[in-house]
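One letter stands for each residue in the lines below.
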Amino acid sequence: MKRTKIAISMILACAMALSLTACFGGGKLSPSKLAKAAKAVGAEEMEADDLVDEVDDMDTEDLDDYTDGIYTTGKADDIKKALKSVDFYEKGLKEATIFFSGDYDKKSYSSTRCLVLSFVFDDKEDSQDYYDDMADDLEDRAEEYEDYYDKCEFESDEDGYEYAILTYGEKKAATNNMGIYHDGKTILIVYETGSGSKDLSGMADSICEEMGIKAPSEAEG
């Protein structure tokens, strides 16, 4: 009888874990995975309204205050204002995580910004359409940029999730990294841009490494 009680309690625990995963969007690209990655790199979790205030008031010179990053996570309706502040709000979202980091070197006037978003749509078809549109846009950019930059690499493939990634820039300057990833109803967007020294870049690589996905900087044409 005792073993039966233990077995039932284990089943209930598993059921609880599964329901939580469904509620908070499980999967490698999910908002919860991005939040975990953000925490792992030392980012500070903030309320959505506080993150909006930080982003809205930020000047280039302030970027070196955000080298470890800031992030917010929650249901889409609760962080709608934060999503709109970074120009990525879409209708039909259930939940999302926003991560932002930056850096600034006063001596060289170099700067970098990294923005990573994970969001879950209500409808799988909507997420697929969003991915297809952005992947096509990245490919179009790659074709345009290859005539203007020393380095321009675009890659689109699948690895348990589908992705399109682009890296471009000059040999002695900061590299720009962009990527979109898709799995089921979940979209992950990575955007990193810099000017001047490339030494400030790399947060996008760190986040992607924590999440176990291929970073935009690793794109191979």
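Residues numbered from 1 in each chain as written. Predicted model: local features only at pLDDT ≥ 70, side-chain atom pairs only at ≥ 80, totals over all residues. Heavy atoms only, no water.

On to a positive patch on the surface. A contiguous patch of positive charge, built from K75, K94, K124 and K185, is present on the exposed surface. Structurally, K124 is set in helix α5 (residues 124-145). With a relative accessible area of 53%, K124 lands in the exposed category. (Patch = residues over 30% accessible without salt bridge, like charges linked within 9 Å, V, L, I, M, F, W, Y side chains within 5 Å. Areas by Shrake-Rupley, 256 points an atom, 1.4 Å probe, with all protein chains shown as cover. Salt bridge = Lys/Arg side-chain N within 4 Å of Asp/Glu carboxyl O. Lys, Arg positive; Asp, Glu negative; His and termini not counted. Charge placed at Lys NZ, Arg CZ, Asp CG, Glu CD. Helix = DSSP H or I, 4+ residues; strand = E, 2+ residues; numbered from the N terminus. Buried < 20%, exposed > 50% of the residue type's maximum accessible area, 1.4 Å probe, protein only.)

This part is about the pattern of salt bridges. Inspection of every chain in the model, using the stated rule, returns two salt bridges. For the salt bridge of K214 with E155, the shortest nitrogen-to-oxygen distance reads 2.9 Å. Here the residue K214 occupies a position in the segment after α6 (203-211), and E155 occupies one in strand β5 (residues 151-158), the gap between them amounting to 59 residues. The class of K214 is partly exposed, set by a relative accessible area of 22%. By relative accessible area, which is 10% here, E155 ends up buried.

Our focus in this paragraph is the nonpolar core. Grouped together as the largest cluster of nonpolar side chains are 38 residues, with contacts concentrated most on L117, F119, Y130, L166, I180 and I187. Top element by residues in this core is α5. It accounts for six residues. Non-local contacts of L117, meaning those with residues more than four positions away in its chain, are made with L34, L83, V86, F88, T97, I98, I187, L188 and I189. Ranked by size, the runner-up nonpolar core spans 25 residues in total, among them L29, A37, Y71 and Y161. (Core = buried A, V, L, I, M, F, W, Y, C linked by side-chain atoms within 4.5 Å. Contact = heavy atoms within 4.5 Å.)

This part is about the packing of aromatic side chains. Under the criterion given, the structure shown has ten aromatic pairs. On the numbers, 5.7 Å between centres and 45° between planes, the contact of Y161 with Y163 is tilted. Taking the relative accessible area as the measure of exposure, Y161 reaches 5% and is therefore buried. Here Y163 falls in the buried class, since its relative accessible area comes to 4%. Within the aromatic cluster, the residues linked to one another by ring pairs are F119, F121 and Y130. (Phe/Tyr/Trp six-rings, centres within 6.5 Å; stacked < 30°, edge-to-face > 60°.)

A few words now on the sheet that holds strand β6 (residues 162-169). Spatially, eight strands are ordered β1-β2-β3-β4-β8-β7-β6-β5 in an open sheet, and the strand pairing comes out mixed. Taken across any chain shown, the strands that pair with only one partner, and hence form the sheet edges, are β1 (44-45) and β5. Direction of pairing for strand β7 (residues 175-183) relative to strand β8 (residues 186-195): antiparallel, over a ladder of seven bridges. Counterpart to M178 in the pairing with β8 is Y191. Contacting β2 (70-75), β3 (93-105), β4 (110-121) and β8, helix α2 (residues 31-40) runs over the sheet at an angle of about 25° to β3. Running at roughly 155° to β8, α6 makes contact with β3, β4, β7 and β8 of the sheet. (Pairing = 2+ DSSP bridges. Axes fitted to C-alpha atoms, helices over the stretch in contact; angles between N-to-C directions.)

Phi at Y109 is positive, roughly 60°, even though this residue is not glycine. For Y109, the location among the structural elements is in the loop between β3 and β4.

The next point concerns the confidence of the model for the chain. In low-pLDDT regions, the fine details of the predicted coordinates are not to be read closely. Looking at the chain as a whole, the pLDDT averages 83, with 86% of positions reaching at least 70. Per-element confidence in the chain is highest for α2, whose mean pLDDT is 96, and lowest for helix α1 (residues 2-23), whose mean pLDDT is 36. Segment residues 1-25 is flagged for pLDDT under 50; beyond a separation of four residues in sequence, or across chains, it makes nine contacts in the model. (pLDDT = per-residue confidence, 0-100.)

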